[in-house]
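# Examining the three-dimensional arrangement
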Amino acid sequence: QVQLVEAGGGLVQAGGSLRVSCTLSGRTFSDSSMAWFRQYPEKEREFVAAISWYDGSTDYADSVKGRFTISRVDANNTVFLQMSTLKPEDTAVYYCATPGSPRTMSIGTHKGYSYWGQGTQVTVSS
């Protein structure tokens, strides 16, 4: 029932910017913490950013802090990841995620996500 649909991936040159989005359906968006992860082929998924359902607080991986910004627009059931000063090592499939139950979890754990989007490819050329 819970579905996450992502959009906005593409090809960008190093130093450029790109914004990806994810829309949630199947439950109340404002009750749902949201996160972005990324994954390289044959590599484990890694945390990128998260935003809390409770107070809108955010958390970022050290590798993207200062370059990426996560935000949400509850009226549109959408979470965004604004990516700036992109580097070739940012090339990955980006996934949005939400916990298995609403009104739960602390985003600082980087854990507890049960629902995932289909992923959107971001490619940064050097």
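Structure: see above.
Computed from a predicted model, the values in this text were never measured in an experiment.

Moving on to the overall build of the protein chain. Scanning the protein chain from N- to C-terminus turns up zero helices and 11 strands. Ordering the α and β elements of the protein chain from the N terminus gives β-β-β-β-β-β-β-β-β-β-β. For the protein chain, the C-alpha radius of gyration of 14 Å lies close to 14 Å, the compact-globule estimate for 126 residues. A burial count over the protein chain gives 44% of its 126 residues as buried. Relative to all contacts within the protein chain whose residues are 6 or more apart in sequence, the contacts with residues 24 or more apart total 59%. On the protein chain, roughly 6400 Å² of surface is accessible, and the fraction owed to carbon and sulfur atoms is 46%.

Looking now at the state of the cysteines. Here the structure, examined in full by the defined rule, presents one disulfide. Note on cysteine connectivity: C22 is disulfide-linked to C96, with sulfurs 1.9 Å apart. Across the disulfide from C22 to C96, rotation about the S-S bond amounts to roughly 50°, and the bridge is consequently right-handed. Of this pair, C22 sits in strand β3 (residues 18-25) while C96 sits in strand β9 (residues 92-99), and the two are 74 residues apart along the sequence.

Bringing the environment of G9 into the picture now. Position of G9 relative to the elements: it lies in the loop between β1 (3-7) and β2 (10-13). Owing to a relative accessible area of 34%, G9 belongs among the partly exposed residues under this scheme. Spatially, the C-alpha atoms of G9 and V122 are 4.9 Å apart, while their sequence positions differ by 113 residues. In this structure, G9 is in contact with L18, V20, T120, Q121 and V122, ignoring residues within four places of it in sequence.

With that settled, consider unusual backbone geometry. Excluding glycine, most residues fall at negative phi; most peptide bonds, likewise, are trans. Located in the positive-phi region is R103, a residue other than glycine, with phi close to 55°. Examined against the element boundaries, R103 turns out to sit in the loop between β9 and β10 (113-116). The class of R103 is exposed, set by a relative accessible area of 54%. Unusually for a residue other than glycine, H110 sits at a positive phi of about 60°. Along the chain, H110 turns up in the loop between β9 and β10.

Cut-offs used in this document
- Residues numbered from 1 in each chain as written.
- Predicted model: local features only at pLDDT ≥ 70, side-chain atom pairs only at ≥ 80, totals over all residues.
- Heavy atoms only, no water.
- Helix = DSSP H or I, 4+ residues; strand = E, 2+ residues; numbered from the N terminus.
- Rg over C-alpha atoms; globule rule 2.2 N^0.38 Å.
- Buried < 20%, exposed > 50% of the residue type's maximum accessible area, 1.4 Å probe, protein only.
- Contact = heavy atoms within 4.5 Å.
- Areas by Shrake-Rupley, 256 points an atom, 1.4 Å probe, with all protein chains shown as cover.
- Disulfide = S-S within 2.5 Å.

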